[in-house]
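Each chain is listed here by its residues.
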Amino acid sequence: MSGILASMIDGLLIGSVYGLAAMGLSLIWGVMDVINLTHGAVIALGMFGMYILFAAFPVNAYLLLLPVIAAGLLLGLLIYWIAVHWVIGRSQLSSLLSTFAVNMMIIGIGTAIWSTSPYNVNFTLRGITVGAYTFDGNHLAAAGAAVIIGLALELFLYRTRPGKAIRAVADNREAAELMGISSTMVLALAFAIGIALAASSGALVSTLFPFTILSGAGYQMKSFVVTVLAGLGKPLGALVAGVLLGLLEGAVTPFIAVSWIPLIEFGLFVVVLVAFPKGIFARATA
Amino acid sequence: MKRLVLAVFVLVALFVTTGFAQTLTVGFTVSNTGSMNVDSVEQLHGFELWRDQVNAAGGIKAGGKNYKIQFVSYDDESNSKRVQQLYSRLILQDKADFLFSPYSSPLTATAAIVTEQYEKVMLTTGAAEGKTYTLGNHYLFQMFTPGAEYLKGVLDMLKTKDPKAAVAFVYEDSSFSVSVVNPAKAYAQQLGFNVAFSEAYAPNTTDFSAIIDKVIASKSTVLLGGGHYADGSTLARQVYSHKVPLKMVTLLVAPDSPKWGELGDAAVGVIVPSQWEPQTAFKAQYGPSGADFAKAYAGKYNTPPSYESAGGYACGLVLQRAIEQAGGPDTAKVAAALNATDITTFYGRTKFSTAANEHGLQVGHAMVLAQWQKDKSGALVKQVVWPLAAKSANLVYPIH
Amino acid sequence: MDAVLQVEKLESGYGEVQVLWGISLEVQAGKMTTVIGANGAGKTTTLRTIMGSVPSWGGRVLMNGEDVTRMSPHAKANRGLVLVPEGRQLFPDMSVEENLEMGAYSHRARKRQKDNLERVYDTFPRLKERRKQRSSTLSGGEQQMLAMGRGLMQEPVVLMIDELSLGLAPVLAQQLFLTLKSLRKQGLTIVLVEQNVHLALALSDHTYVLAEGRVEIEGDSREVANMDEVRRAYLGL
Amino acid sequence: MILRRPVFWLILVFAALMAFVPLHANNVSMREDLILVAIAIILASNLNLMIGYTGYVNFGHIVFYGLGGYVGLYLATVRSWNLVLAALTAGLVVSLFALALGMGILRLRGAYFALATIGVLQAVQSFVANFDPWGRSTGMYVAFDAYERLGGARHALWTTYFLVIGVMALSMILSLGIKISKFGLGLFAIREDEDAALVLGVNTTVFKAIIYSVSAFLPAVAGALMFYKNGMIDPSIAFEFMLSLEGIVMLMLGGKGTVVGAALGGGLYEKLRSYLLTSPKFSNFQLVIAGGLLLLVVLFAPGGLIGWLYRLVPRARKVIE
């Protein structure tokens, strides 16, 4: 097996986790026009959520995703009512700052509890070996879980009543109210789901890499890149864009030093933004 | 009336304590948060053990007086931004008599600009990079063997085992790791090794898949590098889970931490160049023996000491001896005593360079190599494998 | 006669600008009421304030005698107060059928969702042909049909339509008015804000003429149509 | 014109006090505290030109400070330039960079621009971390002989301090000058309604690019001075995203769009952070407290401290602005 193929598969696997993280950001952004700066902190909380749960119940770590998602929903509602509800309809800067304030508070509390030392979730699945290359079992499982969660969200949004209500509010908040949809409830729900997605991606990452309370920041950055590539409010697009970003990373790393990756990634990000402000995958809307 | 009694009591108490023992303040910053957190706190534990033991023994006895030690410290957040503010504060507001360095070379270099101005002695531990001591400091004294020496022993050892090994350098792009790896690369070539691969990764990297795929493609058989705890432990885990066919893995700093054992099977066989190990039985001319230190440390913190902890303790010990030799806390005299220091403690030999272009550089201390091995009961232990004279077990090569 | 919807001395505006200065209306069950007036007279604002999309500054809105002034739009929608807003306000990223489904979101409308969907498709066969298409790809007329269809899906007690014919070809507008007429015949209560005053007066039972945020003239549509000032100002006669 | 504004004289008095109080007391600890306050004021004031005046949120403002630090340090140490010359050159180079960059990314509006600035910050950081002449990610160190040229480290650091205070005063005066100029009116028009401004004949692209470039100059100069004082620079401290965000926090805290508000927010925030950090009781919770405070301001006092003051004492607006 060639090095580049192996590298691309590794990229694809991690890319799906980027995608899952970005889905949460994209959903919140698209539905409520809020750039959620608690995103990174929540990803970190997802990591520690998994850590705590796994320490208490050493079962298959991927089963523990369910309680993490449930806790994420509750946390999302809490953050919504503390910091987001009151600034809906105000300028974007307000929600940026209010979520950033919550971000600081989460990081502060997290630092007080766990310091900034690295933690691990000691759970290992057997990998698959092809020639000289072994694909980590956890990476395979995390990628699978990310895709399943992503598809579940897509089904939820397109096949269920509350899901459709979220899309309706995203499309036209005032018209949704006229249909009898309580936009407040829907915004709270969408925010909660976005937070739960971020937390679940953090939980997945925790099975792959060691983490600190500050680790979410890097994934938040990647989420921005992915969200912009995909276009706002396109959660499945975000998943696809995440996978593509991972593939791109995998495809270029055999040829250049990894330290150049951020330059390529963020350079691309800025260029794409300027050239296609609505995202590469955005369909033209009338 | 009551107030008067109280006031008199306080005055008497003050008089008594100052009469019997004076207090010396030692200031430093600790990375309570940020990327240096683990290493820095281990170093702090070394400082604290030394302070507690000194104070329990009635303080440092010098020039007929007793000096108790008190610490003042702040969180530097592993970031040099506030280091100068905090060291100024330590010197001017907290009236620190002596200083210990923050953890890591960049923070130390930044702090030194302030401490030099006030001609304050600062002993450094986790600041191994040699460059810091060539900037023109006069009051900076390094306890660690400089970075350039870290990997030389490993290459010497490898030469005896496998002169045809293909070596990969994978290291953190930080001043410390770069200062270690660049001379090591040159030395490897000098010894005739094939340097098959070399790449630096950004500090705080967590995903090493891409680099690992490249290491595999380069057909390297030996991996040298790493940086600090977070990245080193991650690299080791991923090398293990990707089943990279390596015969030897040597990483900087991280595997020395007692926490390394938590990595389980991924920890086995990994070698670390160490400033000090409990097994290295130096005959201490001053201070406790290695075994006593390790025992006291484990008793206080429930974990064996790492070399950062040992360095921290030794830092205090060397300062203590200099104060004793100087007959008091006068900075100029203590600095002179440090310049003249050439002593072997449980930590090994300590001698500072007095040459103008590298004043304070550590020139006496030598490193050992430790390897994580499974003992008969299957438990993970760290054994000294090099130099052969100091070994506590044989090197396991290849690992698998 | 019982009024389904009563509006008493309604006042509102945007920011610091007051637009409505005490509007009072009564909407009778099973009748069609039209609101006409020049641009900027406050017709749309009246509907939006009744609905609650624009908060009222004073006055009351009563539905079947119950004060609903302070209720949010969705709560009113759930009671059957339905607004087909100006500019259609569809869900552009959703298909035609999904748009209609959203109409049946409330509990009371959901029960009859299937029947209503059939009825809407019978009324507007064009929508059935295009039911899988994204609503943003429809033509203007089709979009207005969809907006009305969506309103009908809501099981309206009162159907308020803002600017039915705006921007439509005359033939299309005529067709929609005919639809409205038949709905009225089936007993639906309708409030219509309309620029095409001829058609509005011809179709409706009762008419309010607004000017500068106040009710200027009110009366039976035929009588209003015969008033000189109305003929001069709004019918161009 | 500007001389008739009371606040202009206020700024001068404030800067003079900042310069002479620690000198008079010969208190370096106070100086080190105040230099961070001055830097905070510089960052917040210049950020205000974008966020407060033009309505464009710049998340990557710190990139100018960091790049200025690099260019300045490179010139002052590797090339042995005079410090003032090196700092001014750094400011100029970075301003030109910002002008070119602004022409590109200022086509974006609102949140998209904000995101692009994050991208720029990350891309520049990554570039510098791979750039050999600037020491890659290990950065550059200042050898003591660089201070010798300014009469030894002690002297050099005082000189640097006065220069930073000067830059701080200039930042505030620049903010004031722009605010009362015709150019400033154009910016406010963009903030209120960019499309309308276009119709009214404001060449918004040029206006935006110019103010973006102007807002880069003094932070870059300050960066050059500050990292020289710091003795070393590396990409992680030069391009700290957190500091960029903190700049926005300072601005909101004080009151965006106002000269004094930006300075007040910058100064108070820095004071608060350093108090919390060194206080034994709060050092664990400094982020929680700072975050909680910000949340309260955003939710309940969107005009910041200054806005709150103006509501309390409406006359104050006349004196201060």
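None of the values given here were measured: they were computed from a predicted structure. (Residues numbered from 1 in each chain as written. Chains lettered and ligands numbered in written order. Predicted model: local features only at pLDDT ≥ 70, side-chain atom pairs only at ≥ 80, totals over all residues. Heavy atoms only, no water.)

## Digging into the packing of aromatic side chains
Alright, step 1. By the definition in use, this model includes 46 aromatic pairs over all chains.
Alright, step 2. These aromatic residues form a ring-pair network of at least three members: Trp276, Phe293, Tyr297, Tyr301, Tyr313, Phe346 and Tyr347 of chain B.
Alright, step 3. The ring of tyrosine 105 of chain C is capped by arginine 161 of chain A, whose NZ or CZ atom sits 4.1 Å from the centre of that ring.
Alright, step 4. Geometry around tyrosine 187 of chain B places lysine 152 of chain B over its ring, the cationic atom sitting 5.7 Å from the centre. (Phe/Tyr/Trp six-rings, centres within 6.5 Å; stacked < 30°, edge-to-face > 60°. Lys NZ or Arg CZ within 6 Å of the ring centre and 35° of its normal.)

## Notes on the interface of chain D and chain A
Alright, step 1. Between chain D and chain A, the residue contacts involve 41 residues of the former and 38 residues of the latter.
Alright, step 2. When the two sides are added together, the surface that chain D and chain A hide from each other amounts to roughly 3300 Å², 82% of it contributed by carbon and sulfur.
Alright, step 3. Joining chain D to chain A, the criterion identifies zero salt bridges.
Alright, step 4. For the pair chain D and chain A, the interface holds four residue pairs in polar contact (both at pLDDT 80 or more).
Alright, step 5. Contributions of two or more residues to the side of chain D that touches chain A are made by helix H4 (83-105), helix H5 (110-129), helix H12 (241-254) and helix H14 (286-300) of chain D.
Alright, step 6. Per element, the largest residue contribution to the side of chain D that touches chain A is 12 residues, and it comes from H5 of chain D.
Alright, step 7. For the side of chain D that touches chain A, the class distribution of residues is 29 nonpolar, nine polar and three charged. (Contact = heavy atoms within 4.5 Å. Buried area = accessible area lost by both parts, 1.4 Å probe. Salt bridge = Lys/Arg side-chain N within 4 Å of Asp/Glu carboxyl O. Polar contact = N/O pair within 3.5 Å; in protein donor to acceptor, adjacent residues only side chain to side chain. Helix = DSSP H or I, 4+ residues; strand = E, 2+ residues; numbered from the N terminus. Nonpolar A, V, L, I, M, F, W, Y, C, P; charged D, E, K, R; others polar.)

## A few points about the interface of chain A and chain B
Alright, step 1. Of the residues lining the interface, 28 residues belong to chain A; the matching set on chain B comes to 27 residues.
Alright, step 2. A combined buried area of about 2200 Å² lies between chain A and chain B, and 52% of that area is made up of carbon and sulfur atoms.
Alright, step 3. Contact with chain B buries surface across chain A, with Pro118, Thr134 and Val258 of chain A losing the most and accounting together for 21% of the total.
Alright, step 4. Applying the counting criterion to the chain A and chain B interface returns zero salt bridges.
Alright, step 5. Our count for the contact surface shared by chain A and chain B stands at eight residue pairs in polar contact (both at pLDDT 80 or more).
Alright, step 6. Broken down by secondary-structure element, the contributors of at least two residues to the side of chain A that touches chain B are helix H1 (3-32) and strand E2 (133-135) of chain A.
Alright, step 7. When the residues that make up the side of chain A that touches chain B are grouped by side-chain class, the tally is 14 nonpolar, 12 polar and two charged.

## Some remarks on the sheet that holds strand E1 (residues 3-14) of chain C
All names here are of chain C.
Alright, step 1. Strand order in the open sheet formed by four strands is E2-E1-E4-E5, and the pairing between neighbours is antiparallel. Pairing within the sheet leaves two strands with one partner each, and these edge strands are strand E2 (17-28) and strand E5 (66-67).
Alright, step 2. By the bridge criterion, six bridges tie E1 to strand E4 (residues 56-63) in an arrangement that is antiparallel. Among the inter-strand pairings, leucine 5 is bridged to a residue of E4, identified as methionine 63.
Alright, step 3. Along the sheet face, helix H1 (residues 43-51) touches E1, E2 and E4 and points at about 110° away from the line of E1. (Pairing = 2+ DSSP bridges. Axes fitted to C-alpha atoms, helices over the stretch in contact; angles between N-to-C directions.)

## Quick look at the pairing of strand E13 (residues 348-351) of chain B
Residues and elements named next belong to chain B.
Alright, step 1. Strand direction decides the pairing type here: strand E12 (residues 342-345) and E13, joined by four bridges, are antiparallel. Residue pairing in the sheet places aspartate 342 in a bridge with lysine 351 of E13.
Alright, step 2. Connecting E12 to the antiparallel partner E13 that follows it, the hairpin turn spans two residues.

## Topic: helix H2 (residues 28-54) of chain D
All names here are of chain D.
Alright, step 1. Taking 1.5 Å per residue, 27 residues should reach 39 Å; H2 reaches 38 Å between its end C-alpha atoms and fits that length.
Alright, step 2. A bend of about 45° at asparagine 48 is the largest found in H2.
Alright, step 3. Most of H2 sits out of view: 26 of its 27 residues are buried. (Expected span 1.5 Å × (residues − 1). Bend = angle between axes of the 7 residues up to and from the residue. Buried < 20%, exposed > 50% of the residue type's maximum accessible area, 1.4 Å probe, protein only.)

## Quick notes on the packing of helix H3 (residues 96-103) of chain C against helix H5 (residues 113-123) of chain C
Residue and element names in this part refer to chain C.
Alright, step 1. At their nearest, the axes of H3 and H5 sit 10 Å apart, and the two run at 130° to each other. When the interaxial angle is binned, H3 and H5 end up oblique. Considering the relative orientation of H3 and H5, their crossing is right-handed. Residues Glu97, Leu100 and Glu101 of H3 lie in contact with H5, whose contacting residues are Gln113, Leu117, Val120 and Tyr121. (Parallel < 35°, antiparallel > 145°, perpendicular 65-115°, else oblique. Left-handed = near helix turned anticlockwise from the far one by under 90°.)

## Here's the deal with the sheet that holds strand E3 (residues 32-37) of chain C
Neighbouring strands of a sheet are bound in pairs by backbone hydrogen bonds; such pairs are parallel or else antiparallel.
Residue and element names in this part refer to chain C.
Alright, step 1. Taken together, six strands build an open sheet; the order of strands is E6-E7-E8-E3-E9-E10 and the sheet is mixed. With one partner strand each, in any of the chains shown, strand E6 (81-84) and strand E10 (214-220) form the two edges of the open sheet. The average undirected angle you get between the axes of adjacent strands in this sheet is 15°.
Alright, step 2. The pairing of strand E9 (residues 206-211) with E10 spans six bridges and is classified as antiparallel. Residue pairing across strands places alanine 211 opposite arginine 214, the latter belonging to E10.
Alright, step 3. Contacting E6 and strand E7 (158-162), helix H7 (residues 140-153) crosses the sheet at an angle of about 175° to E6.
Alright, step 4. Lying on the sheet, helix H8 (residues 170-185) is in contact with E3, E7 and strand E8 (189-193); it crosses E8 at an angle near 150°.

## Description of the confidence of the model for chain C
Alright, step 1. Mean pLDDT over chain C works out to 90, with 99% of the residues at or above the 70 mark.
Alright, step 2. Here the prediction assigns the complex a pTM of 0.85, and the interface score ipTM is 0.82. (pLDDT = per-residue confidence, 0-100.)

## Some thoughts on the confidence of the model for chain A
The predicted coordinates of low-pLDDT regions are not to be read in fine detail.
Alright, step 1. Across chain A, the average pLDDT comes to 88, with 97% of residues at 70 or higher.
Alright, step 2. The secondary-structure element of chain A with the lowest mean pLDDT is E2 of chain A, recorded at 81, while helix H3 (residues 65-84) of chain A shows the highest, at 96.

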